[in-house]
Structure formats: structure tokens, C-alpha cells
Amino acid sequence: MNQEIPAYVDNVLQDWESISFYAYDKYEAKGRGTVVLFEENGSAIAGYCTKDYYIKNSRTKEITLIENYNPADEFLLRFETGGGWTTLRIGFPEGGRSPKEVWFYKTLQKINESRPPVPPKDLPGWFLEALEKIESPK
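Quick notes on the rules
- Residues numbered from 1 in each chain as written.
- Predicted model: local features only at pLDDT ≥ 70, side-chain atom pairs only at ≥ 80, totals over all residues.
- Heavy atoms only, no water.
- Axes fitted to C-alpha atoms, helices over the stretch in contact; angles between N-to-C directions.
- Helix = DSSP H or I, 4+ residues; strand = E, 2+ residues; numbered from the N terminus.
- Parallel < 35°, antiparallel > 145°, perpendicular 65-115°, else oblique.
- Contact = heavy atoms within 4.5 Å.
- Nonpolar A, V, L, I, M, F, W, Y, C, P; charged D, E, K, R; others polar.
- Core = buried A, V, L, I, M, F, W, Y, C linked by side-chain atoms within 4.5 Å.
- Buried < 20%, exposed > 50% of the residue type's maximum accessible area, 1.4 Å probe, protein only.
- Phe/Tyr/Trp six-rings, centres within 6.5 Å; stacked < 30°, edge-to-face > 60°.
- Expected span 1.5 Å × (residues − 1).

Novice: Explanation requested: the packing of helix 2 (residues 16–30) against helix 5 (residues 99–113) in the structure shown.
Specialist: Helix-helix packing: each pair is described by the crossing angle between the helix axes and the interaxial distance. Packing of helix 2 against helix 5 leaves a shortest axis separation of 8 Å and a crossing angle of 90°. As summarised for this structure, helix 2 and helix 5 are arranged roughly perpendicular, according to the angle between their axes. The residues of helix 5 that touch helix 2, namely those facing W16, E17, S20, F21, Y24, D25 and E28, are P99, K100, V102, W103, K106, T107 and K110. Considered class by class, the residues forming the contact of helix 2 with helix 5 number 6 nonpolar, 2 polar and 6 charged.

Novice: I keep staring at the nonpolar core and nothing clicks. Help me out?
Specialist: General note: in soluble globular proteins, nonpolar side chains tend to be found buried as a group. Residues V9, V35, L37, F75, L77 and F127 are the most contacted members of the largest nonpolar core, which totals 32 residues. Elements with a minimum of two residues in this core: helix 1 (7–14), helix 2, strand 1 (33–40), strand 2 (43–50), helix 4 (60–68), strand 3 (74–81), helix 5 and helix 6 (125–135). The contact partners of L37, leaving out residues within four places of it in the chain, are Y8, V9, V12, I45, A46, L77, R78, F79, E80 and W85.

Novice: Before we go on, may I ask you to explain the packing of aromatic side chains in this structure?
Specialist: By convention here, two paired aromatic rings are described through the distance between centres and the angle between planes. This model, assessed by the stated rule, comprises 12 aromatic pairs. Aromatic pair W103 and W126: ring centres 5.6 Å apart, planes at 50°, arrangement tilted. In this pair, W103 sits in helix 5 while W126 sits in helix 6, placing the two residues 23 residues apart along the sequence. Residue W103 is classed as buried on the basis of its relative accessible area, which comes to 2%. Pairing W103 with F127 gives two aromatic rings, centres 5.4 Å apart and planes at 80°, and the pair type is edge-to-face.

Novice: Explain helix 2 to me, please; I cannot follow it from the model alone.
Specialist: Within an α-helix, residues lying three or four positions from one another point in the same direction, as the helix has 3.6 residues per turn. An ideal rise of 1.5 Å per residue puts 21 Å on 15 residues; helix 2 measures up with 21 Å between its terminal C-alpha atoms. For helix 2, the set of buried residues is W16, I19, S20, F21, A23 and Y24. Looking one or two places after helix 2, you find G31, whose phi comes out positive at around 95°.

See below:
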């Protein structure tokens, strides 16, 4: 089934770094799930639904997608079309950075722009370990 992607969804996907940062940030904060886009007054509004939401609503197709995608390299995008809801598995563009890479570098930039540059305590362990390696290379 070949459905056309609505313009508001296409616009969001054109800003790859923003949507992939959002998707990976929500994954780190809430776990596996889907980015959900709604259109409101011609603009896209993003939300995030965790796997628990789909379990509570017996949405087996979405549960399977959520269990099988790789959050470091892709995210799930759910949006409404004229024929109902569509869920797509979105991988990073050729030559682009993966969602995890985008998240890493944007988070590092935020830390470096703060004065003094101190990472927040709620960052994932893998990120803090990477910072330690950068600060004290062997």
C-alpha cells in the first residue's frame, strides 16, 4: 500500500536533526515507543507514545514494530492520514547522522554552552562514560 506522506509530516522529516533528536531523547527518557505527529493549524505537533500505551490498547502491530526497531539508528513515526493511522520505521538518511549521534552531539553542545559546563545528572550512563573518555584519554 503506497500512501502519500502528508505535507506536515514531510516538513518534519526534512528537519532530520530535530526530529531524530526528539525521538532519541524520548527513547532515553521514556523507553521504546513511537513519535506521534498531529497537525494543528497547519503545523506539526509531536508527542510520544510508549510501548505500554500500545500494550494497554492491544495494538499488536505497533508492539511488534516497537520491539524490533533499533533506537540508535531509527525511530518509529506515527501519523494520521485520510485512511487512518500510519506507522513508519524511519532510518537515517544516507550521509546523515543516526538519531543517537544527533542526540550525543546536541547534548554535548548544550553542556558546553552552559557555564560552567556540567552535565545534568539524569543523562544515561553510556553518555557519561563517553564524556569521561573524552576528558581523560589514555
